[in-house]
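Here is how the chains run, residue by residue.
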Amino acid sequence: MTHQSENLQPNLFEAERPCVELHTSQKGELATVIEVLLREIAAALAKAASGASGDDQDHD
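Quantities reported herein were computed from a predicted structural model and do not represent experimental measurements.

(A) Representation of the overall build of the protein chain. Each helix and strand in the protein chain was counted, giving one helix and zero strands. When the 60 residues of the protein chain are sorted by exposure, 0% land in the buried category. Roughly 6400 Å² of accessible area belongs to the protein chain as shown, and the carbon and sulfur atoms make up 57% of that amount.

Below, the structure is given as C-alpha cells:
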C-alpha cells in the first residue's frame, strides 16, 4: 500500500492566487513599511562601508 503524502509547502513559482488578499489600504501600508526598512538597510550598509562604528545606540 503506497501512501502519497500531501505537499504541505507550496511551490514558490506556481501561478496560484495568494492565500491572503490585501486591501488597497493594506498594500499602501505594506509598501510604506518595506520602503522604510529598505532605507534603514541602505543606511546601515552605507555606514558599514564608510567604516563607521556598527553600534549607533547612545550609551551613557
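(B) Molecular detail of a nonpolar patch on the surface. Taken together, the side chains of V20, L22, L30, I34, L38, I41 and L45 make up a nonpolar region of the molecular surface, amounting to roughly 650 Å² of accessible area. Along the polypeptide, L38 turns up in helix α1 (residues 24-49).

(C) Just the environment of R39, in detail. Take R39: it is sitting in helix α1. For R39, a relative accessible area of 56% translates into the label exposed. In this structure the side chain of R39 is engaged in a polar contact, spanning 2.7 Å, whose partner is the side chain of E35.

Parameters and conventions
- Counting of residues starts from 1 at the beginning of each chain's written sequence and follows it residue by residue.
- With the structure being a predicted model, the display of local features is reserved for residues of pLDDT at least 70 and the display and counting of side-chain atom pairs for 80 or more, all residues being used for whole-chain, interface and lining totals.
- The side-chain values count all of the structure's non-hydrogen atoms but skip hydrogen atoms and water molecules.
- The secondary structure listing takes helices from DSSP runs of H or I that are at least 4 residues long and strands from runs of E that are at least 2 residues long, numbered from the N terminus.
- Burial here depends on accessible area, computed with a 1.4 Å probe over protein chains only, as a share of the maximum for the residue type. Under 20% is buried, over 50% is exposed, and the range in between is partly exposed.
- Working definition of accessibility: Shrake-Rupley area with a 1.4 Å probe, residue cover restricted to the visible protein chains.
- Patch membership needs two things, relative accessible area over 30% and no salt bridge, and members are linked within 9 Å if like-charged or within 5 Å if nonpolar (Val, Leu, Ile, Met, Phe, Trp, Tyr).
- A side-chain nitrogen of Lys or Arg and a carboxyl oxygen of Asp or Glu constitute a salt bridge if their distance falls within 4 Å.
- Two N or O atoms form a polar contact when they lie within 3.5 Å of each other; inside protein one atom must be a possible hydrogen donor and the other a possible acceptor, and for residues adjacent in sequence the pair counts only when both atoms belong to side chains.

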